[in-house]
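Summary of the model geometry
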Amino acid sequence: MPSSPTDPAPIRSTYRLQLGPQLKFADAAALADYLAELGVTHAYLSPILGAGAGSTHGYDVVDHSRINPELGGTRAFATLAKALRAHGVGVVLDIVPNHMAIPVPESLNRALWAVLRDGQDSEFAKWFDIDWAAGGGRVVLPVLDGPLEQNLSRLSVKRRRGEPIAVRYFDHRFPLAEGTGDLPLAELLDAQHYRLADWRAAASDLNYRRFMDITTLIGLRVEDPAVFAESHAVVIDLVQRGLVDGLRVDHPDGLADPDGYLALLADATDSTWTVVEKILAHHEPLPADWRAAGTTGYESLTMVNSLLVDARGERALSNIYTEITGETSEFDVVAQEGKRLIMREVLSPELNRLARLLCAQTADTREESVRAALHEVLCRLEVYRPFASSPFTLEALENATSRAVTANPSLAREISLVSTHALDGGEFATRFAQAAAAVFAKGVEDTAFYRYARLLSLNEVGGDPGRFGVSLDDFHEFATRMHDRWPTAMTTLSTHDTKRSEDVRARISVLSELPDEWSAAVDRWMSVGEKLGCPDARTGYFFWQTLIGAWPLDVERATRYMEKATREAKLATSWHSPNERYDRAVRDFVSGVFDDDGLLADVGLFVATIEPAAAANSLAQKLIQLTMPGIPDVYQGCELATFTLVDPDNRGSVDFGVRREALDSLLDDKLRTTALALRLRRDHPEWFSSYAPLRANGAAAEHVVAFTRSEHLITVATRFCARLRREDGWRDTMLAIPRGAWVDALSGREHAGGEVLLHDLLAGSCVALLVPAVSVTA
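Let me begin by describing the structure that accompanies this report. (Residues numbered from 1 in each chain as written. Predicted model: local features only at pLDDT ≥ 70, side-chain atom pairs only at ≥ 80, totals over all residues. Heavy atoms only, no water.)

Considerations on helix α9 (residues 314-325)
Here is the rule we go by: Numbering of helices and strands runs from the N terminus, with a helix taken as a DSSP run of H or I at least four residues long and a strand as a DSSP run of E at least two residues long. The length a helix should cover is 1.5 Å for every residue beyond the first. Relative accessibility thresholds used throughout: buried, under 20% of the residue-type maximum; exposed, over 50%; partly exposed, between the two (1.4 Å probe, protein chains only). It is the directions from the helix axis to the C-beta atoms whose arc is reported. Pairs of residues are marked as contacts when any of their non-hydrogen atoms sit within 4.5 Å.
In this model, α9 (12 residues) spans 16 Å end to end at C-alpha, consistent with the 16 Å of a helix rising 1.5 Å per residue. Along α9, the positions that sit buried rather than exposed are L317, S318, I320, Y321 and T325. Projected onto a plane normal to the axis of α9, the buried residues spread over an arc of 165° and lie on a single side. Exposed residues lying more than 90 degrees from the buried face of α9 are R315 and E323. On its buried face, α9 sits against α18 (515-531) and α19 (537-550). Looking one or two residues past α9, G326 carries a phi angle of roughly 75°, positive in sign.

Printed below as a string of C-alpha cells:
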C-alpha cells in the first residue's frame, strides 16, 4: 500500500525539478498532486541556497546562510515541503560543495567580499582555494576588457547610498583595503588585495581554483571542518528537521578530499541517502570508502543507451563518417587532441601550479619539462581522476604513465615523478586529481564530443563514443552488479547536463540499424548543404544528425545550438576567440536549410520512416531504466517524449498542463509506461528485491532484453526494432517465464507462464511489464 499522506515513503524514485525564475517553490508545490499520481516518491530539487541574481540553475551559490529568496525563501520552501508531504512525496536536494559564485556585483558574496577587502587576514580567507603565492599575495580577477592601463578611464571609486565605497567597473564592485581610499587611482588599485586583469588572462594568470574553466565560480575548501560546517549549516538543518530526505552532491571530483567530505556529510546528516555526481569510466567502480548510496546514474545511462546501439552497424557508420568528413573514426585520437588543447589554452594556470608544486618537491627538475610530462600523462588518463583507494584508477594511471613514457622517452624521469607523487597524499597529489577531472571533462565532454560525430547518441556525459554498443551479457552483468553492490544508487536517462535528451538519443541510435538508408539520406543533404554554404563537412554531418534527432526543430533553436556546438569544438571558432566569419557562415547555413521547404520535407520523411523504431527505443530504455536495480530518476517533462538538446535547451519550462491531461487518460505510451512502473515501485517495493536475467531462445533472441526483479515482476523490452522488422520479426523466438498467471500491466493482456512466443507476448508492442494476474484483480 502507498505510504501515509503525511509520511513520505522511503526513496523509491525521484523526479528532477529545475527551479528558477520559471519554476519557483510555489510553482513546484502546485505539482505535488501530479507527482504523487505519477507514482514519484521524492521531488529532486536543483540547488536552493542563495544564488546569483536571476540564477536559472542555482549552482552559482553566493550565500549559504539562507534559502534563495528569488525562489520564495525559507517560508515558501517550508510550504513546498509541506505540500509535497501532504501527498506522500518527500524531498531530495542538490547541493554544491565545490564552489561559490563570483557575482556581479561582487558584494553579493559576503564571504568573498571580505577576502577581497582584507586579503589573507580575512576570517573568510580559509574558505577559498586561492594560491596566494602565485598572485604575489593578491587574488587575480580577470574581469577587464583589455589591459588595466587601457581601462583606467572606465574605473572609478565612488560611494553610493546603502553601499560601501568601492572600485566600480561597469556593474562590477570591488572593496577597498583599509586606508587606501584617498590614494590616486593607479596607486589605489596597486594597494588592494586583488589585481584586476584582462578577462583573457584567465587562461594564463588565474590563481584560484575554479569550477572547470568558469572563472566566475571560485573553489571552496570544504575539507576545512569550519568551512564545511558554515557552508552546510542550512542543508544539515533541513535534513535534521525532516524537510529533506536525501542529497545529491554536485561535482565531488573537484573536492580536495571527496571521501573525507562524504564522511563529514554522513556524520552530520545521520547517513541520509546521498548520491554523488561521479563520472565513472567503463567498468570503474565507485571508491569503496565513499559513504554514499552510489552515483547519480550516468553509468546506467551509458549502459542502457549503448544497449540500443546495434554493433552490427559500427563498420558501416565508421566508413560513412570517414568518407564524408575525412575525419578519423578513432575516438581516442580525438579525445587526446581535446585534452591537449584544454591543457594548453584553457587550464594553463592549473598545469603551471602543478609544475611548480612538483618542482618544489623534487631536485633538479625544470618546470617546462614537468609541465610537458603532465600533459603527456593527463592526455592519456582514461578516468576522471585517480584515487589511492581505487585499484581501477591506479591501474589507469599506471597505463597512462607507461604509454606516456613509450611516446616520450626523453621525459621518462619527469613522467615517473608525476606518477610517483600523484597519489602520495601531498598537495601535488590533491591538485593533480582535481586538475585531472577538469582536463577530462573539458577536453573530452566539452571539446571532443563536439568534434567527433560518428554516432551522436553515444556522445553523452559518462559515455565513450568509441565504444559502439554492448551485448545482452554486458547489460545483465552490469545490472547484477548494481543490485549486489549499489542497489539504491540513482539511475537516469536525462539530466540537466546531458548533451541530448533520452528521446533524441533513442532516435539517432536507429541509424546504427539502418546505415544504408542513413548513407543515402545524408549524402543528399550534404550535397545541398554544400550549396547552402555549410562551412565544413564535419559541421554538416554533426548538424544533420542533430536535426533528425531533435526533429521538429525550429531555426532559432537550431542556430543557437549549432553556435554552441561549433564553439565548444574549438576548431574554427570558440567562446574565447570567436570567429565571426565562421559563425556567420554557420548561421547562414542553418537559416538556408530552414528556408528550403523541399529539403525539410525530405528530412521529415526520413524521420517518419525511422520513427516507429525510435519510439520503440524510447519505450524500451524507459521501462528498462525504471525497473532495473537502482533508484530511477525522471528528468522534468521526460515522462512524455521530449526532444531537447544541451543546456539551455533542456532547462526550459515544462508544460505540466499537457502532462496532467496525459496522466488522466494514460493513452500516451511513454507516460503510461512511466506512471505504471513508478506506481509499482512505490506500492510494491518488495517486487524489486532481486535481479535475474531471462534469456530468449530462437532466431531473434538478441532482440529481447528481459529480467525478473522478483517472482512478482518481469520486464521485457525489444531492441533493434528496425532490424527485427527487416529480418521478418520474432518468428520462432520464445521466452520462458515463471509458471503462473501473468498480466501485462501496460496492456492488460493476460499470459500463462512457461514457454511463450515473443510474437504473442508483445502482440505488436515493444515492451511488457508482467505482474501476477491476482495482483491486478485484488
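Considerations on the sheet that holds strand β15 (residues 273-276)
Through backbone hydrogen bonds, the strands of a sheet pair up, either in parallel or in antiparallel fashion. The test is simple: Paired strands, in this sense, are two strands between which DSSP finds at least two bridges. To define axes, lines are fitted to C-alpha atoms, for helices over the stretch in contact only, and angles between the resulting N-to-C directions are given on a 0 to 180 degree scale.
Strand order in the open sheet formed by eight strands is β16-β15-β14-β5-β2-β1-β18-β17, with parallel pairing between adjacent strands. Among the strands making up the open sheet, the edge pair consists of β16 (294-295) and β17 (490-491). The pairing of β17 with strand β18 (residues 631-635) spans two bridges and is parallel. Residue M490 lies in a different strand from β18, and its bridge partner there is I631. Strands in contact with helix α6 (residues 225-240) are β5 (90-95) and β14 (246-249); relative to β5, the strand with the most contacts, it is inclined by about 165°.

Considerations on the nonpolar core
Rules: Joining through side-chain atoms within 4.5 Å is the link that ties buried Ala, Val, Leu, Ile, Met, Phe, Trp, Tyr and Cys residues into a set, and such a set is a nonpolar core.
Counting 234 residues, the largest nonpolar core has F77, F475, W518 and W544 as its most contacted members. At 14 residues, helix α22 (residues 597-627) tops the list of elements feeding residues into this core. Ignoring anything within four residues of it in the chain, the contact list for W544 reads W518, V522, W525, M526, G529, F589, V593, L599 and V603. Judged by nonpolar contacts, the second largest core, of 19 residues, contains A700, A706, L758 and A768.

What to know about the packing of aromatic side chains
The cut-off we apply is this: Ring pairs are drawn from Phe, Tyr and Trp, using the six-membered ring of Trp, whenever the two centres fall within 6.5 Å, and their geometry is named by plane angle: stacked under 30 degrees, edge-to-face over 60, tilted for the rest.
A complete count under the given rule lists 27 aromatic pairs for this structure. Ring geometry for Y34 and F656: centres 5.9 Å apart, planes at 70°, overall edge-to-face. Of the two residues, Y34 is situated in helix α2 (residues 32-38) and F656 in helix α23 (residues 656-665); the sequence distance between them amounts to 622 residues. For Y34, a relative accessible area of 1% corresponds to the buried category. Assessed through its relative accessible area of 10%, F656 is described here as buried. Seen in terms of ring centroids, F228 and Y261 are 5.7 Å apart; in terms of plane orientation they differ by 75°. Their pairing is edge-to-face. With F228 in helix α6 and Y261 in helix α7 (residues 258-268), this pair connects stretches of sequence that are 33 residues apart. For the residue pair F228 and Y261, the accessibility class agrees, reading buried in each case.

As for the packing of α6 against α7
Packed helices, taken two at a time, are described by their axes: the angle between them and the distance between them. Put simply, the test is: Should an angle fall under 35 degrees it is taken as roughly parallel, and over 145 as roughly antiparallel, whereas 65 to 115 is taken as roughly perpendicular and any remaining angle as oblique. Each helix crossing is assigned a hand: it is left-handed if the near helix lies turned anticlockwise from the far helix by less than a right angle, otherwise right-handed if that turn is clockwise. For this scheme, ten residues count as nonpolar: Ala, Val, Leu, Ile, Met, Phe, Trp, Tyr, Cys and Pro. Four count as charged, namely Asp, Glu, Lys and Arg, and the remainder, Gly too, count as polar.
Across the interface, α6 lies against α7 with an axial gap of 10 Å and an inter-helix angle of 40°. Taken as axis vectors, α6 and α7 run oblique relative to one another. Relative to α7, α6 is oriented so that their crossing is right-handed. Residue-level inspection shows F228, H232, I236 and Q240 of α6 in contact with α7, the latter providing Y261, L264, L265 and A268. For the contact of α6 with α7, the per-class residue count stands at six nonpolar, two polar and no charged.

Some remarks on α6
Where we set the bar: Bending is quantified residue by residue as the angle between axes fitted to the seven-residue window ending at that residue and the seven-residue window starting at it.
The end-to-end C-alpha distance of α6 is 19 Å, clearly below the 22 Å that 16 residues give at a rise of 1.5 Å each. Approximately 60° is the largest bend angle found in α6, and it occurs at H232. Close packing links the buried residues of α6 with β3 (49-51), β4 (61-67), α3 (73-86), β5, β14 and α7. In the stretch just after α6, G242 is the one whose phi turns positive, near 80°.

A word on the layout of surface pockets
Using the following cut-off: A 1.4 Å probe that fits but cannot get out identifies a cavity on a 1 Å grid over protein atoms alone, an open set with protein on both sides within 12 Å along at least five of seven lines counts as a pocket, and a residue lines either if it has an atom within 4 Å of a point. Grid points are joined across faces, edges and corners, and a volume is the space filled by probe spheres set on the points.
In this structure, the second largest pocket occupies an estimated 1100 Å³ of space. Lining the second largest pocket are 47 residues; nearest its centre among them are L280, A281, H282, H283 and E382. The set of elements that each furnish at least two residues to the lining of the second largest pocket consists of α8 (298-307), α10 (331-345), α13 (391-407), α15 (427-445) and α16 (472-485). Here the lining of the second largest pocket gets six residues from one element, more than from any other, and that element is α8. For the lining of the second largest pocket, the residue count by class is 23 nonpolar, 10 polar and 14 charged.

A few points about the pairing of strand β20 (residues 704-710)
On a regular strand, one side chain projects to one face of the sheet and the next to the other, so that they alternate. When you tally the buried positions in β20, you get seven out of seven residues, the bulk of the element. Across six bridges, β20 lies against strand β21 (residues 713-718) in antiparallel orientation. Each residue of the ladder has a partner; that of T708, found in β21, is I714. Counted along the chain from β20 to the antiparallel partner β21, the turn is two residues long.

Remarks on the sheet that holds β21
Taken together, six strands build an open sheet; the order of strands is β19-β20-β21-β24-β22-β23 and the sheet is antiparallel. At either margin of the open sheet sits one strand with a lone partner, and together these are β19 (692-694) and β23 (750-757). Between one strand axis and the next, the sheet turns through 25° on average, direction left out of account. With three bridges connecting them, strand β22 (residues 734-744) and strand β24 (residues 767-772) associate as antiparallel partners. Of the residues in β24, the one forming a bridge with D744 is L770. Contacts from α16 reach β19 and β20, with the element oriented near 20° to β20.

Some details on a negative patch on the surface
We apply this condition: Candidates for patches are residues over 30% relative accessible area with no salt bridge; among them, like charges are joined within 9 Å and nonpolar side chains (Val, Leu, Ile, Met, Phe, Trp, Tyr) within 5 Å. Surface accessibility in these figures is a Shrake-Rupley result with a 1.4 Å probe; residues are shielded only by whichever protein chains are displayed. For this analysis, a salt bridge means a side-chain nitrogen from Lys or Arg found within 4 Å of a carboxyl oxygen belonging to Asp or Glu. In summary, the charge assignment counts Lys and Arg as positive and Asp and Glu as negative, without counting His or the chain termini. Working definition for charges: the position is that of NZ of Lys, CZ of Arg, CG of Asp or CD of Glu.
A surface patch of negative charge is lined by E37, D655, E661 and D664. Tracing the chain through its elements places E37 in helix α2. We classify E37 as partly exposed; its relative accessible area is 35%.

Overview of empty space enclosed by the protein
Here the structure, examined in full by the defined rule, presents six cavities of 30 Å³ or more. Here the largest cavity defines a volume of roughly 90 Å³. Residue composition of the lining of the largest cavity, by class: 10 nonpolar, three polar and one charged. As a volume, the second largest cavity reaches approximately 70 Å³. Lining the second largest cavity, in full, are R16, Y44, R248, T296, Y298, M490, S494, T495, H496, D633 and Y635. Residue composition of the lining of the second largest cavity, grouped by class: four nonpolar, four polar and three charged.

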